[in-house]
Amino acid sequence: MYYIFQIYRKSFKALGLKKKILIAVVFGCLVIILSFSNNFNNQILDVTTNDIKESERPVDKLIGGLLTADFDESACLSRYQKHFLYRKPSPYKPSEYLVSKLRSYEILHKRCGPDTKAYKEATEKLSHDEYYASESNGECRYVVWVAGYGLGNRLLTLASVFLYALLTERIILVDNRKDVSDLLCEPFPGTSWLLPLDFPMLNYTYAWGYNKEYPRCYGTMEENHSINSTSIPPHLYMHNLHDSRDSDKLFICQKDQSLINKVPWLIFQANVYFVPSLWFNPTFQTELVKLFPQKETVFHHLVRYLFHPTNQVWDMVTKYYDAHLSKADERLGIQIRVFGKPSGFFKHVMDQVVSCTQREKLLPEFATQEESKVNISKTTKLKAVLVASLYPEYSGNLTNMFSKRPSSTGEIVEVYQPSGERVQQTDKKIHDQKALAEMYLLSLTDNIVTSARSTFGYVSYSLGGLKPWLLYQPTNFTTPNPPCVRSKSMEPCYLTPPSHGCESDSGKNSGKILPFVRHCEDIMYGGLKLYDEF
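As the structure is a prediction and not an experimental result, all values here were calculated from the model. (Residues numbered from 1 in each chain as written. Predicted model: local features only at pLDDT ≥ 70, side-chain atom pairs only at ≥ 80, totals over all residues. Heavy atoms only, no water.)

**Structural notes on the packing of aromatic side chains**
With the rule as written, the count across this model stands at 26 aromatic pairs. Here Tyr164 and Phe284 contribute two aromatic rings whose centre-to-centre distance is 6.4 Å and whose plane-to-plane angle is 85°, an arrangement assigned as edge-to-face. In this pair, Tyr164 is assigned in helix 6 (residues 151–168) and Phe284 in helix 12 (residues 282–291), connecting sequence segments 120 residues apart. Comparing Tyr164 with Phe284, the two get one shared label, buried. Aromatic side chains Phe188 and Tyr305 sit 6.3 Å apart centroid to centroid with 40° between the ring planes, which places their arrangement in the tilted category. Taken together, the positions of Phe188 in the loop between helix 7 (180–183) and helix 8 (218–223) and Tyr305 in helix 13 (residues 298–306) put the pair 117 residues apart, joining distant regions of the chain. Owing to a relative accessible area of 1%, Phe188 belongs among the buried residues under this scheme. (Phe/Tyr/Trp six-rings, centres within 6.5 Å; stacked < 30°, edge-to-face > 60°. Helix = DSSP H or I, 4+ residues; strand = E, 2+ residues; numbered from the N terminus. Buried < 20%, exposed > 50% of the residue type's maximum accessible area, 1.4 Å probe, protein only.)

Here you go:
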């Protein structure tokens, strides 16, 4: 070997200078190519290994059993995608009792839902509006949800009515004369929750429709003492709107439920989230504690079980998120609702939003000249701000602020607003689809700021399992001080609750009956909300 090496060395010396350089260059390139090839193969191996690890990571599409696997995934992509595609798994797990209760409900709904013998028999009885003494109505009793008001109100009330149906073993059927089927997929396997359009009570008009003057309005009948256990009507209208009386709102009490339970059909119209009041009924409360050991998770679990955006709406969500939010290191949602007239863009509201977000360190303050020089060397962090409002001027102002002046932290702040239609257009298909898409986009942010008393905001933050910063409602066109408050609960607020409780608690303020049902932070001495923090 040594002899051979000596021959190569002598031969190399005999070569001319140009040939020596050429051989050295070729040899050097060969070493680089071999080194690159080795590194590239290692990188391929690393990527492949990482991909395998990602694919092996368990994806809980059924959310701890909250959902059932008995659906065609392609027919409603959001059902199994929305809980893991863009978000970390929720830290709030459904109880085993809730999962079991939902499976039992699905079986009952399949047995009693539209196009079943039980449903046809029940509707035939409904056609004869006559009082009758208490008699067996079979296992199928119904509650019909009638759509009304804005999309946020509808989603809150739909979840409320479903929980009431779950507690009382009724079948929920949804008025589909609006656009429910354009927004949401069917939630129950092998059946439908949509009320058939030939349902006899949909054609009934009394004055302006269902209201307190309706002959079978429970609150009115209760006040007039015109209903008792020996004269049960085939249906009752439950009026739970912002103008409801305590006699309407306290239908949840035990003495009222003992009568209402005998009525086979309930027609329910609401525009408020009445879930907190259900806890005033001791029988309901016993069941609710088992269903929701974490009390502030009621709507969070219900909305993830019930509401699955249609493929058209889900396409809006995924495309917008991928285009504008996916690359950000952090995402902030800001929902701005201006109540009263005139509405629109107001400087005091803009000042309130900036004051809240900077005070709570959700957005950086603007850098001084000295800070700007220091931050040049820092690694930039991208923060995406998603604004939901009818008015594009709010996002426009934020964009101008952060494009003209660098932030004190060196962060890059990019502001996006999917729509700004200026006027709420409830019941217009594309408007409602955009609204639902924006609720889901807001729920995918890391932190969220919402306007006080906004049902749009309530749905968004509770869906995302987020405890929001609530913007106080301004008065006299001035910026509130403080501008906002961090909520201790992710539950929505029952905006117009009963003034007192049931039976033995009839003399108590409704916000002081139970330690976990208290007044809302965004309404001074008003509203009711569920809390786990005392």
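**Describing the layout of surface pockets**
A volume near 790 Å³ is recorded for the largest pocket. Taken together, 32 residues line the largest pocket, and the ones lying closest to its centre are Gly150, Asn153, Arg337, Gln424 and Thr455. Counting residues per element, the ones that place at least two in the lining of the largest pocket are helix 6, helix 18 (429–443) and helix 19 (455–463). Top contributing element to the lining of the largest pocket by residue count: helix 18, with five residues. Class assignment for the residues of the lining of the largest pocket results in eleven nonpolar, 15 polar and six charged. Space inside the second largest pocket adds up to approximately 380 Å³. Arg87, Lys88, Pro89, Thr445 and Gly464 are the residues nearest the centre of the second largest pocket, which is lined by 20 residues in total. (1 Å grid on protein atoms, 1.4 Å probe; cavity = no way out; pocket = protein on both sides within 12 Å on 5 of 7 lines; lining within 4 Å. Points joined across faces, edges and corners; volume = space filled by probe spheres on them. Nonpolar A, V, L, I, M, F, W, Y, C, P; charged D, E, K, R; others polar.)

**Brief notes about unusual backbone geometry**
Lys341 connects to Pro342 through a cis peptide bond whose omega is 0°. Positionally, Pro342 belongs in the loop between strand 5 (330–335) and helix 15 (347–359). Residue His225 is not a glycine yet carries a positive backbone phi of 55°. Accessibility expressed as a relative area gives 68% for His225, which makes it exposed.

**Some details on the pairing of strand 4 (residues 265–270)**
In terms of residue burial, strand 4 counts as a mostly covered element, since six of its six residues are buried. Alternating positions in strand 4 separate into two faces, Trp265, Ile267 and Gln269 on one and Leu266, Phe268 and Ala270 on the other, with burial throughout. Bridge count for strand 1 (residues 142–146) against strand 4 is five bridges, and the pairing is parallel. If you follow Val144 over to strand 4, its bridge partner there is Ile267. Here strand 3 (residues 235–240) runs beside strand 4; their pairing, made up of six bridges, is parallel. Bridge pairing in strand 4 places His235 opposite Trp265. (Pairing = 2+ DSSP bridges.)

**Points about helix 4 (residues 96–112)**
Spanning 17 residues, helix 4 covers 25 Å between terminal C-alpha atoms, matching the ideal 24 Å at 1.5 Å per step. All buried positions along helix 4 are accounted for by Leu98, Val99, Lys101, Leu102, Tyr105, Glu106, Leu108, His109 and Cys112. Against the buried residues of helix 4 lie helix 5 (117–126), strand 1, helix 6, strand 2 (171–174), helix 12 and helix 13. (Expected span 1.5 Å × (residues − 1). Contact = heavy atoms within 4.5 Å.)

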